[in-house]
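This is what each chain is made of:
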Amino acid sequence: MKLSARNQLEGTVKSINKGPVSTEVVIDVNGTEIVSSITTGSAEALELKVGDTAIAVIKASSVMVGVPH
């Protein structure tokens with residue numbers, strides 16, 4: 001798979017919470033959890049299972065920065 005997105009983080013599917021319309025997928029990337037909400041149809045098409053290797057692809061036009069109070 002080739003993509004133009006630079007931020008591609010490979011990890012392991014930690015959990016899958018399927019709903020009727022959307023599915024929450026948690027990917028563990030070296031101890032950091034990346035959470036994605038995808039359509040349930042997409043989750044089924046990808047045949048995702050806990051323990052599978054998956055790639056979190058992050059494409060954003062901006063990054064927000066915050067500081068504590």
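Each residue is numbered by its place in its chain's sequence as written, counting from 1. Reporting in this predicted model follows two pLDDT cut-offs: at least 70 for local features of residues, and 80 or more for side-chain atom pairs to be given and counted; totals over whole chains, interfaces and linings ignore these cut-offs and use all residues. Note that water and hydrogens are dropped before the side-chain values are worked out from all heavy atoms of the structure.

(A) Structural detail: the pattern of salt bridges. Basic side-chain nitrogens of Lys or Arg form a salt bridge, by our definition, when they fall within 4 Å of a carboxyl oxygen of Asp or Glu. If you walk through the whole model with that rule in mind, you get two salt bridges. Salt-bridge contacts for aspartate 52 lead to lysine 49; the nearest nitrogen and oxygen are separated by 3.9 Å. Residue exposure (1.4 Å probe, protein chains only): buried if accessible area is under 20% of the type maximum, exposed if over 50%, otherwise partly exposed. Since its relative accessible area comes to 23%, aspartate 52 is described here as partly exposed.

(B) Highlighting the pairing of strand S2 (residues 22-29). DSSP bridges decide pairing: two strands pair if at least two such bridges lie between them. A run of H or I in DSSP becomes a helix once it reaches four residues, and a run of E becomes a strand once it reaches two; helices and strands are each numbered from the N terminus. Pairing analysis gives six bridges linking strand S1 (residues 7-18) to S2, with the strands arranged antiparallel. Bridge pairing in S2 places lysine 18 opposite threonine 23. What sits between S1 and S2 in their antiparallel hairpin is a turn of three residues. Bridge count between S2 and strand S3 (residues 32-39): eight bridges; the pairing is antiparallel. By the bridge assignment for S3, threonine 23 is matched with isoleucine 38.

(C) Spotlight on the nonpolar core. Residues belong to a common nonpolar core when they are buried Ala, Val, Leu, Ile, Met, Phe, Trp, Tyr or Cys residues joined through side-chain atoms within 4.5 Å. One finds Val13, Val25, Ile27, Val29, Ala54 and Ala56 forming the largest nonpolar core, which totals six residues. Taken together, the elements giving at least two residues each to this core come down to S2 and strand S4 (53-58). Top contributing element to this core by residue count: S2, with three residues. Contact definition: two residues touch when any of their heavy atoms are within 4.5 Å. Apart from the residues lying within four places of it in its own chain, the contact partners of alanine 56 are Asn7, Gln8, Leu9, Ile27 and Ile34.

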